[in-house]
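Architecture at a glance
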Amino acid sequence: MASKDQTNGGGDVEMKDATPTKTEDATQKLDVVDVESQIADLVKAVQANEPRHVSRVVRKFFTSTRKHLNGNALKSAVELHLRKEKDLADQLQTYIAKLPSSMEVSENKEKEKENDKEAPSSTDTNIPEVGVYLSLVVTVALVDNKLYAEAAACSSGLVKRILDLNRRTANPLAARAFFYYSRSFELCDRLAEIRQTLLNAHRISSLRHDDETHATILNLLLRNYLHYNLVDQADKLQAKTNLDDSTSANQLARFRYYQGRIKAIQLDYTGAHSDLEEALRKAPQNTARGFHLTVQKFACIVQLLMGELPDRSMFRQKGLKTALKPYLQLTQAVRVGDLDGFHTVVKTFESIFREDKTLTLIQRLRHNVIKTGLRKISISYSRIPLGDICKKLHLDNAEDVEFIVAKAIRDGVIDATIDHEGGFIQSKENVDVYSTQEPLEFYHARINFCLKMHNEAVKAMRYPPEAPKPSIFDKKPEDDDDTSPAPLKSAKKDPKDPKSSEPQQQPPKKPNKEDHK
């Protein structure tokens, strides 16, 4: 329906009817049903004192309900369940008013879900977890709609409420609340303001033995420090903290990723590569493409700094091929030992490397490019002047070539000698690799990796609880009722069976007095 309204200029303006359409009504009803059912499940979990069921409710919201959430559903849920907490309800209503009222959903899906679900009866509960859950849902909706300032304000009140609430059933909600608390402030570029709050929350979660919240806040603190390049503080924090095996795989993957970044900056490339590889294994394999992409970028640079070349299959992964194209060109320049090509790649994609925060590590690759070029020259030429090396490597200063070659010989990159008077280097004969310790070191590293994978797989397995073994002293009720011995059954003789013709052994008779005489 449309009506025409005449303006002062004489033009006709088309006005849409204010009445909501069937799709909007069905969407609103659908969202109310989802939120109401999850709150009912939350109340049951809290009354049964089951934190695992609370985690199930939170997981269900983030996997299904979050996609089609709107302001009308949240408004009705707050009015129904926060009648006794008027201050919190009024605060949430101010944020909900800024959310879009409805979203477009196909009518077929709406009808199917409406037929499958029935809205539960509204209950006016006085459970604090319901208020925390609704505050978390509103915060997530504000972040999804890019209302970052409002999300930061709403999450601040939510965090204060959680710190005052010491309940075991609120732990799964607290972990998600702190994550979106940090995320909203990061999107507002105010991440430094919440550092002290996160440190206090980290201490409180440790005292309460809340492992999930403790691991989440630890990763948030490491992200906070690395965001402002406070590597020393981040290193001290991760060195004094260790996550248990019971920690969720997602939080453990994030922790290993931050450890890898810290070790890479501190020149511990072997440890950084091990942590980054573990982060890739712990991360979800079918989702979290952004996390996979970020870890792959740092893993590629760390491998190049170690003197190794990444596998080409890394750059051919589905969904990551385009984003990893600058790193593929960088790897090709390092593999060839082309210093000019390396500088060209860095200059072309400098903005991308700076945004990925890998530019500092990439600048260290210049020495690796020179080492690769020297290794190729020493293999190709048994004797070559230092001036020709300067031309082939495209170095700026010819006087530095001698020092660069001397350092490469000391590090074991090339096996050669420098003739200072003649101004050339003399390469030695190639030694058989299998007569050195290099194959042993490679096999040792691979065996350690396989043993570590095996131990982690064994720890991750879940075994059924052992059933108690039956005791010989335990009597069955049938034995108590029937005390008489069972009669002996006579076996039928089979003429074909030779054993059946043998006489059966009779039970011994009781001795009589006459036998003794």
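Each chain carries its own residue numbering, running from 1 in the direction its sequence is written. Only residues with pLDDT of at least 70 get local features here, since the model is predicted, and only at 80 or more are side-chain atom pairs given and counted; chain-wide, interface and lining totals rely on the full set of residues. To get the side-chain values, all heavy atoms of the structure are used, and hydrogens and water are removed first.

Details of the overall build of the protein
Only DSSP runs of H or I reaching four residues or more are called helices, and only runs of E reaching two or more are called strands; each is numbered from the N terminus. Looking only at helices and strands, the protein features 24 helices and five strands. Of all intrachain contacts in the protein linking residues separated by at least 6 positions in sequence, the fraction that spans at least 24 positions is 64%. For the area figures, the Shrake-Rupley method with a 1.4 Å probe applies, and any residue is considered shielded solely by the protein chains shown. Summed over all atoms, the accessible surface of the protein reaches about 33,200 Å², with 50% contributed by carbon and sulfur. The contact criterion used throughout is that any non-hydrogen atoms of two residues lie within 4.5 Å.

Quick word on the pairing of strand S4 (residues 416-419)
Along any regular strand the residues' side chains alternate between the sheet's two faces. Buried means the residue's accessible area, taken with a 1.4 Å probe over protein chains only, is under 20% of the maximum for its type, while exposed means over 50%, and partly exposed covers the values in between. Only one face of S4 is covered, namely the one carrying Ala 416 and Ile 418; the face carrying Thr 417 and Asp 419 has none of its residues buried. If DSSP finds at least two bridges between two strands, the strands pair. Bridge count between S4 and strand S5 (residues 424-427): four bridges; the pairing is antiparallel. Across the sheet, residue Ile 418 finds its bridge partner in S5, namely Ile 425. Hairpin connection of S4 to S5: four residues between the antiparallel strands, including Gly 423 at a positive phi of 75°.

Things to note about the side chain of Thr 139
Assignment of secondary structure puts Thr 139 in helix H6 (residues 128-144). A distance of 2.8 Å separates the side chain of Thr 139 from the backbone oxygen of Ser 135, its partner in a polar contact. With residues near it in sequence (within four places) discarded, Thr 139 still touches Ala 151, Cys 154, Ser 155, Leu 158 and Tyr 180. Think of a polar contact as two N or O atoms within 3.5 Å of one another; within protein, one of them needs to be a possible hydrogen donor and the other a possible acceptor, and neighboring residues in sequence only count if both atoms come from side chains.

Observations regarding the side chain of Arg 256
Turning to its location among the elements, Arg 256 is positioned in helix H12 (residues 249-265). Apart from residues lying up to four places away in sequence, Arg 256 is in contact with Asp 275, Glu 278 and Ala 279.

A word on the packing of H12 against helix H13 (residues 269-282)
Axis lines are fitted to C-alpha atoms, over the contacting stretch for helices. Their N-to-C directions set the angle, which ranges from 0 to 180 degrees. Viewed as axis vectors pointing N to C, H12 and H13 meet at an angle of 160°, and their least axial separation amounts to 8 Å. Comparing their axes, H13 and H12 come out roughly antiparallel. Regarding H12 and H13, the two cross each other, and that crossing is left-handed. Facing H12, whose interface residues are Ala 249, Leu 252, Ala 253, Arg 256, Tyr 257, Gln 259, Gly 260, Lys 263 and Ala 264, H13 presents Tyr 269, Gly 271, Ala 272, Asp 275, Leu 276, Glu 278, Ala 279 and Lys 282. A class-by-class count of the residues in the contact of H12 with H13 yields nine nonpolar, three polar and five charged. Relative orientations are named as follows: roughly parallel for angles under 35 degrees, roughly antiparallel for angles over 145 degrees, roughly perpendicular for angles from 65 to 115 degrees, and oblique for any other angle. Should the near helix be turned anticlockwise from the far one by less than a right angle, the crossing is left-handed, and should it be turned clockwise, the crossing is right-handed. Gly is put with the polar residues, along with every residue not named as nonpolar or charged; the nonpolar set is Ala, Val, Leu, Ile, Met, Phe, Trp, Tyr, Cys and Pro, and the charged set is Asp, Glu, Lys and Arg.

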